[in-house]
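# Examining the three-dimensional arrangement
Next come the chains, spelled out residue by residue.
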Amino acid sequence: FTNYLKVEDNDDFVLRTQDLEYIEKIIIAWEIVSKRLVQSSTAKFKQFRKETNGDLELAFEKVASNRFNIAKIHTKLVILKTFHQRVSHAPENLKSILSLLLQLYALHITSENISQFYSFNIVKGSDFLENLNYKNDEINELLRPNIIGLTDAFNLSDFMIGSQIGKK
């Protein structure tokens, strides 16, 4: 799951609104963000190491928040790629609904971390986030008829998931 770090960076890649339909493009965007975070943090670490006369511990401490962000982004990327892989091998009768859940997850985590995408110029324009949210709502609407079955699949009580339907 770290092979993307070895691939030459695609400086021209931009995730566009129409790309939100394609999970593979969203994954590429996540890989680029993760790789650029690693590159940026490595450069900062080297700079701090020089500034601290080679003190590895202090230089490491100075990039602690960067390390946390890398771990967070990489973890979400691994979950996204694993989910995608599992959906591609799912039984045919489940693929359509699982694909919608996958896309919803991809859009959700992208929305949550949109500042990283803007900071590395992976997305551009003030309307991208608005279109992302619109697409998110569109997928929620498609999932709505199946939502009870999807939540029941986890075998959690209505009380546990805070369902208004299950309350008396």
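Further up the page is the structure itself.
Notes on the structure in this doc start here. Remember, it's a predicted structure, so these values are computed and weren't measured experimentally.

Along its 21 residues, helix H4 (residues 92–112) runs 30 Å from first to last C-alpha, staying within 8% of the 30 Å computed at 1.5 Å per residue. The largest bend along H4 measures about 25° and falls at Leu98. Within H4 the residues assigned to the buried category are Ile97, Leu100, Leu102, Gln103, Leu104, Ala106, Leu107, Ile109 and Thr110.

For the structure shown, the criterion picks out 3 aromatic pairs. Look at Phe45 and Phe60: their rings are 5.5 Å apart centre to centre, the planes differ by 65°, and that puts the pair in the edge-to-face class. Separated by 15 residues along the polypeptide, Phe45 in helix H1 (residues 23–51) and Phe60 in helix H2 (residues 56–62) bring together distant segments of the chain. For Phe60, a relative accessible area of 45% corresponds to the partly exposed category. When the ring centre of Phe48 is taken as reference, the NZ or CZ atom of Lys62 above it lies at 5.2 Å.

Turning to its location among the elements, Leu132 is positioned in helix H6 (residues 127–143). For Leu132, a relative accessible area of 0% gives the class buried. Note: C-alpha distance between Leu132 and Thr110 (22 residues apart in sequence) is 8.6 Å. With residues near it in sequence (within four places) discarded, Leu132 still touches Leu20, Leu107, Thr110, Ser111 and Ile114.

Let's shift gears to a nonpolar patch on the surface. Together, Phe154, Leu156, Met160 and Ile161 make up a nonpolar patch on the protein surface, roughly 440 Å² of accessible area in all. Residue placement: Leu156 occurs in the loop between helix H7 (147–152) and helix H8 (158–161). Leu156 gets classed as partly exposed once you look at its relative accessible area, which sits at 41%.

Quick look at the packing of H1 against helix H3 (residues 64–88) now. Running from N to C, H1 and H3 cross one another at 160°; their axes reach a closest spacing of 10 Å. With respect to each other, H1 and H3 are oriented roughly antiparallel. Taken as a pair, H1 and H3 cross one another with a handedness that is left-handed. Together, Ile23, Glu24, Ile26, Ile27, Trp30, Glu31, Val33, Ser34, Leu37, Val38, Ser41 and Lys44 of H1 and Asn66, Asn69, Ile70, Ile73, His74, Lys76, Leu77, Leu80, Lys81 and His84 of H3 make up the contact between the two elements. Residues of the contact of H1 with H3, tallied by class, amount to 11 nonpolar, 6 polar and 5 charged.

What counts and how
Residues numbered from 1 in each chain as written. Predicted model: local features only at pLDDT ≥ 70, side-chain atom pairs only at ≥ 80, totals over all residues. Heavy atoms only, no water. Helix = DSSP H or I, 4+ residues; strand = E, 2+ residues; numbered from the N terminus. Expected span 1.5 Å × (residues − 1). Bend = angle between axes of the 7 residues up to and from the residue. Buried < 20%, exposed > 50% of the residue type's maximum accessible area, 1.4 Å probe, protein only. Phe/Tyr/Trp six-rings, centres within 6.5 Å; stacked < 30°, edge-to-face > 60°. Lys NZ or Arg CZ within 6 Å of the ring centre and 35° of its normal. Contact = heavy atoms within 4.5 Å. Patch = residues over 30% accessible without salt bridge, like charges linked within 9 Å, V, L, I, M, F, W, Y side chains within 5 Å. Areas by Shrake-Rupley, 256 points an atom, 1.4 Å probe, with all protein chains shown as cover. Salt bridge = Lys/Arg side-chain N within 4 Å of Asp/Glu carboxyl O. Axes fitted to C-alpha atoms, helices over the stretch in contact; angles between N-to-C directions. Parallel < 35°, antiparallel > 145°, perpendicular 65-115°, else oblique. Left-handed = near helix turned anticlockwise from the far one by under 90°. Nonpolar A, V, L, I, M, F, W, Y, C, P; charged D, E, K, R; others polar.

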